[in-house]
Amino acid sequence: MKRIAVLTSGGDAPGMNAAVRAVVRTGLAKGWEVLGVKHGFTGLLADSFVSLGARDVGGIMQRGGTVLGSARCPEFKTPEGRAEAIRHLHQQDIEAVVVVGGDGSQAGAHALSQMGFPVVGVASTIDNDVHGSDVTIGFDTALNIALEAIDRLKVTASSHHRAFLVEVMGRKCGYLALMAAIAGGAEAVIIPERETDPDVVAAELREAYRRGKPHALVVVAEGARYNAEGLARHFRENRERLGFDLRVTTLGHVQRGGTPTAFDRLLGTRLGVAATDCLARGESGVLVGVLKDKTSATPLAEVVTNKKPLDPRLLELERVLAM
Ligand code: ADP
Ligand code: F6P
């Protein structure tokens, strides 16, 4: 191996920079040249490469986002788009690419790998929904940001005996919402994976007040059928019957832009190191992640054909702890 490239793709995640830094420095230590690709797969199509030395990745680990830039790139979903990307990779004498991103980006990594180009994926998304890694880069930081907001809302909710609704990110996956509800001590959680009747939520909140709670807090994932907007509307339209309003806070992209926690810096570093180690062993077509506390390599074919399920026991636990 002489020259490799690294890119970040999909929704940015705090800790991506630590992964890029680790790929660059461990790659250099192995005697390779390392190039960065600007703005994810878009940069492969646009022939947008930059040479990265050890100093170029200095001071980036503590920064949120990604210094390489990220993008959604629909053209990469077409064989013609990927063929163009491979043409540019060959022109640059690049022998392998490290793709740091979420499940969509890993589908892109797999598609590239199936066209014969060596790729190693690195599991990175605040959603923590990538099969092949128990935890993904960025999730811990996003969770901590959500918790800070929840803790503050509970203070004012308690002072006024109010009911609050906090919407967190997660279009298809409710893991962030569920963990925020458990660690934030919410009274209810609403996620895309489970149908929720808003009247049942209202009953749960009334019950919480009856048990003597000074506040009622619901965490909802943005992709749930009743997201913040839908739920607040339902409560508003049925105020007389349900008995109270819900005040809404939508956290949105605030969760994605934080300074990476120590956990995400270390996870990004571990997975960046694992990615170059894979390539040094001649291994590609895999995703590096953490399984049972150990770095692991899972075939991308397996990653893209499996969904990471939510553990139903966690949903049960959330109910019990909201007692
Ligand atoms: P994330 O990686 O955060 O899940 P996306 O789902 O938006 O983000 O995917 C990021 C990019 O990955 C897409 O814009 C596209 O370029 C690429 N991609 C996603 N799915 C595929 C696919 N099936 N084949 C090829 N490329 C894909
Ligand atoms: O996949 C990460 C994520 O932040 C999801 O939680 C969210 O649904 C989505 O990206 C938002 O995407 P965008 O930044 O394109 O609006």
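**Brief notes about the pattern of salt bridges**
Part 1: Across all of its chains, the model carries 17 salt bridges by this definition.
Part 2: A salt bridge links Lys-213 to Glu-187; its shortest N-O distance comes to 2.7 Å. Of the two residues, Lys-213 is situated in the loop between helix 7 (198–210) and strand 8 (216–221) and Glu-187 in the loop between helix 6 (175–184) and strand 7 (188–190); the sequence distance between them amounts to 26 residues. As far as the burial class goes, Lys-213 and Glu-187 line up, both buried.
Part 3: Where Glu-207 meets Arg-210, a salt bridge forms, and the shortest distance between an N and an O atom there is 2.7 Å. Here Glu-207 pairs with Arg-210, and both are found in helix 7, just three residues apart, close to one helical turn.

**Quick word on the domain arrangement of the chain**
Part 1: Each domain of the chain was delimited in the assignment, giving domain 1 (3–138 + 260–305) and domain 2 (141–257).
Part 2: The gap between the C-alpha centroids of domain 1 and domain 2 is 34 Å.
Part 3: Taken together, the contacts link 13 residues of domain 1 with ten residues of domain 2.
Part 4: Summed over both partners, the interface of domain 1 with domain 2 comes to about 1,000 Å²; 52% of that surface belongs to carbon and sulfur atoms.
Part 5: In this structure, the connection of domain 1 to domain 2 is made through two salt bridges.
Part 6: With a closest N to O distance of 3.8 Å, Asp-103 and Lys-172 form a salt bridge.
Part 7: Along the contact surface separating domain 1 from domain 2 lie five residue pairs in polar contact (both at pLDDT 80 or more).
Part 8: Residues of the side of domain 1 that touches domain 2, tallied by class, amount to three nonpolar, four polar and six charged.

**Some thoughts on the site of ligand 1**
Part 1: Lining the immediate surroundings of ligand 1 are 15 residues, of which Arg-72, Cys-73, Asp-103, Gly-104 and Ser-105 lie closest.
Part 2: With respect to ligand 1, the backbone of Cys-73 contributes an N or O atom lying 2.6 Å from an oxygen atom.
Part 3: Between ligand 1 and Gly-104, the relevant distance is 3.0 Å, taken from an oxygen atom to a main-chain nitrogen or oxygen of the residue.
Part 4: Expressed as a share of its isolated accessible area of 560 Å², the protein-covered part of ligand 1 is 79%.
Part 5: Tallying contributions element by element places helix 4 (residues 103–114) first for the shell around ligand 1, with five residues.
Part 6: Residue composition of the shell around ligand 1, grouped by class: four nonpolar, seven polar and four charged.

**Comments concerning the sheet that holds strand 8**
Part 1: Read across the open sheet, the four strands follow the order 7-8-6-9; overall the sheet is parallel. Here the strands that pair on one side only, and so sit at the sheet edges, are strand 7 and strand 9 (247–250). With direction set aside, neighbouring strand axes in the sheet form an average angle of 20°.
Part 2: Across three bridges, the pairing between strand 7 and strand 8 is parallel. Bridge pairing in strand 8 links Ala-188 to Val-218.
Part 3: Sitting on the sheet, helix 5 (residues 139–160) touches strand 6 (163–168), strand 8 and strand 9, and the angle it makes with strand 6 is about 170°.

**Details of the site of ligand 2**
Part 1: Taken together, Arg-72, Thr-125, Ile-126, Asp-127, Met-169, Gly-170, Arg-171, Glu-222, His-253 and Arg-256 make up all the residues around ligand 2.
Part 2: Between Glu-222 and ligand 2, the recorded distance is 2.4 Å, taken from a side-chain N or O atom to an oxygen atom.
Part 3: Side-chain polar atom of Arg-256 to an oxygen atom of ligand 2: 2.9 Å apart, as the coordinates give it.
Part 4: Surface burial for ligand 2 is 80%, taken as the share of its 400 Å² of free accessible area covered by protein chains.
Part 5: Residue composition of the shell around ligand 2, grouped by class: two nonpolar, three polar and five charged.
Part 6: In terms of domain composition, the shell around ligand 2 takes at least three residues from each of domain 1 (3–138 + 260–305) and domain 2 (141–257).

**Re the environment of Thr-261**
Part 1: Relative to the helices and strands, Thr-261 is located in the loop between strand 9 and helix 10 (262–280).
Part 2: Residue contacts for Thr-261: discarding those within four places in its chain leaves Asp-140, Thr-141 and Asn-144.

**Details of the packing of aromatic side chains**
Part 1: Tallied over the entire structure, the rule returns four aromatic pairs.
Part 2: Between Tyr-209 and Phe-244, the ring centres sit 6.1 Å apart and the planes meet at 90°, which makes this aromatic pair edge-to-face. With a gap of 35 residues between them, Tyr-209 in helix 7 and Phe-244 in the loop between helix 9 (239–242) and strand 9 connect regions that are remote in the sequence.
Part 3: By relative accessible area, Tyr-209 is classed as partly exposed at 22%.
Part 4: Judged by its relative accessible area of 12%, Phe-244 falls in the buried class.
Part 5: Judged by centre distance (5.8 Å) and plane angle (50°), the rings of Phe-235 and Phe-244 are tilted. Each member of the pair, Phe-235 as well as Phe-244, is classed as buried.

Criteria and cut-off values
Residues numbered from 1 in each chain as written. Chains lettered and ligands numbered in written order. Predicted model: local features only at pLDDT ≥ 70, side-chain atom pairs only at ≥ 80, totals over all residues. Heavy atoms only, no water. Salt bridge = Lys/Arg side-chain N within 4 Å of Asp/Glu carboxyl O. Helix = DSSP H or I, 4+ residues; strand = E, 2+ residues; numbered from the N terminus. Buried < 20%, exposed > 50% of the residue type's maximum accessible area, 1.4 Å probe, protein only. Domains from an automatic or database assignment. Contact = heavy atoms within 4.5 Å. Buried area = accessible area lost by both parts, 1.4 Å probe. Polar contact = N/O pair within 3.5 Å; in protein donor to acceptor, adjacent residues only side chain to side chain. Nonpolar A, V, L, I, M, F, W, Y, C, P; charged D, E, K, R; others polar. Near = heavy atom within 4 Å. Areas by Shrake-Rupley, 256 points an atom, 1.4 Å probe, with all protein chains shown as cover. Pairing = 2+ DSSP bridges. Axes fitted to C-alpha atoms, helices over the stretch in contact; angles between N-to-C directions. Phe/Tyr/Trp six-rings, centres within 6.5 Å; stacked < 30°, edge-to-face > 60°.

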